[in-house]
Amino acid sequence: MHKVDLNEPLSGFQKHIGYELVEWSEGFAKLLLPIGPHLLNREGIPHGGALATILDTAMGFAGSYTGDADRPHIVMTLNLSVNYLAKAQGELLTTIANVTGGGHKTFFATAHTSDSSGATIATATGIFKRKI
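Residues numbered from 1 in each chain as written. Predicted model: local features only at pLDDT ≥ 70, side-chain atom pairs only at ≥ 80, totals over all residues. Heavy atoms only, no water.

Asks: Help me understand the sheet that holds strand E1 (residues 20–25), please; the structure alone is not making it clear to me.
Replies: Sheets are built from strands that pair by backbone hydrogen bonding, the pairs being arranged parallel or antiparallel. With antiparallel pairing, the six strands of this open sheet are ordered in space as E1-E2-E4-E5-E6-E3. Across the chains shown, the open sheet's two edge strands, defined by having one partner strand only, are E1 and strand E3 (74–84). The average angle at which neighbouring strand axes cross in this sheet is 20°, direction not considered. Examined bridge by bridge, strand E5 (residues 106–114) and strand E6 (residues 120–131) share nine bridges and lie antiparallel to one another. (Pairing = 2+ DSSP bridges. Helix = DSSP H or I, 4+ residues; strand = E, 2+ residues; numbered from the N terminus. Axes fitted to C-alpha atoms, helices over the stretch in contact; angles between N-to-C directions.)

Asks: Explain the packing of aromatic side chains here, please?
Replies: Each aromatic ring pair is described using two quantities: the centre-to-centre distance and the angle formed by the ring planes. The tally for this structure, following the rule as stated, stands at three aromatic pairs. Taking the centre distance of 5.2 Å and the plane angle of 80° together, the rings of Trp24 and Phe61 count as edge-to-face. One end of the pair, Trp24, is in strand E1; the other, Phe61, is in helix H2 (residues 48–62), and 37 residues separate them in sequence. Ring geometry for Phe107 against Phe128: centres 5.0 Å apart, planes inclined by 15°, an arrangement best described as stacked. Taken together, the positions of Phe107 in strand E5 and Phe128 in strand E6 put the pair 21 residues apart, joining distant regions of the chain. Classification of Phe107 as buried rests on a relative accessible area of 1%. Phe128 gets classed as buried once you look at its relative accessible area, which sits at 1%. Connected via pairs of aromatic rings, a cluster forms that spans Trp24, Phe61 and Tyr65. (Phe/Tyr/Trp six-rings, centres within 6.5 Å; stacked < 30°, edge-to-face > 60°. Buried < 20%, exposed > 50% of the residue type's maximum accessible area, 1.4 Å probe, protein only.)

Asks: Help me understand the side chain of Thr94 in this model?
Replies: Its location among the elements puts Thr94 in strand E4 (residues 92–102). Discounting residues that sit within four places of it in the chain, Thr94 has contacts with Lys30, Leu31, Leu32, His112, Thr113 and Ser114. (Contact = heavy atoms within 4.5 Å.)

Asks: Would you take a moment to explain the environment of Ser81 for this structure?
Replies: Examined against the element boundaries, Ser81 turns out to sit in strand E3. For Ser81, a relative accessible area of 33% puts it in the partly exposed group. Sequence-wise, Ser81 and Lys30 are 51 residues apart; in three dimensions their C-alpha atoms are separated by 19 Å.

Asks: Looking at this model, I keep getting lost on the environment of Ile127. Mind explaining?
Replies: Considering the arrangement of structural elements, one finds Ile127 in strand E6. Given a relative accessible area of 27%, Ile127 falls into the partly exposed group. Placed 28 residues apart in sequence, Ile127 and Val99 show a C-alpha to C-alpha distance of 9.7 Å. Ignoring any residue separated from it by four or fewer positions in sequence, one finds Ile127 in contact with Met76, Thr77, Leu78, Asn79, Thr106, Phe107 and Phe108.

Asks: Can you walk me through the pairing of strand E2 (residues 28–34) in this structure?
Replies: On a regular strand, each side chain points to the face opposite its neighbour's, so the side chains alternate between the two faces of the sheet. With respect to burial, E2 is a largely interior element, five of its seven residues being buried. Both E1 and E2 contribute to a ladder of five bridges, which runs antiparallel. Within E2, the position partnered with Ser25 by the bridge is Phe28. Counting the residues in the hairpin turn of E1 and E2 gives two residues, including Gly27, whose phi is positive at 75°.

Following this line, the structure appears as structure tokens:
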């Protein structure tokens, strides 16, 4: 995994969950999340809340890129809809998000999470507000 220079310290939540932002550009973000025991539900698969978290987070990053560390956009989720499609296999989750529309203050995004086999295990759509 390679590092994306955010020019800011990792949040406590990011450190706890363990995701890594590996690609980030205008309207796009890619996160990797190793599947650790702290993410598992009683069945031994990643908890739905962990999946919702990385889908939401990736979409938020996709809509907050400015290319200028001194001019960050912070975003707030207004609506999140998650579809759970399959059980995760393997040891790594990959989430890719794209901005699909919106304007200066509000944007729409989609995301999907795949497991180590490449199977899509969850998808999401969201509406976000930029705090500018």
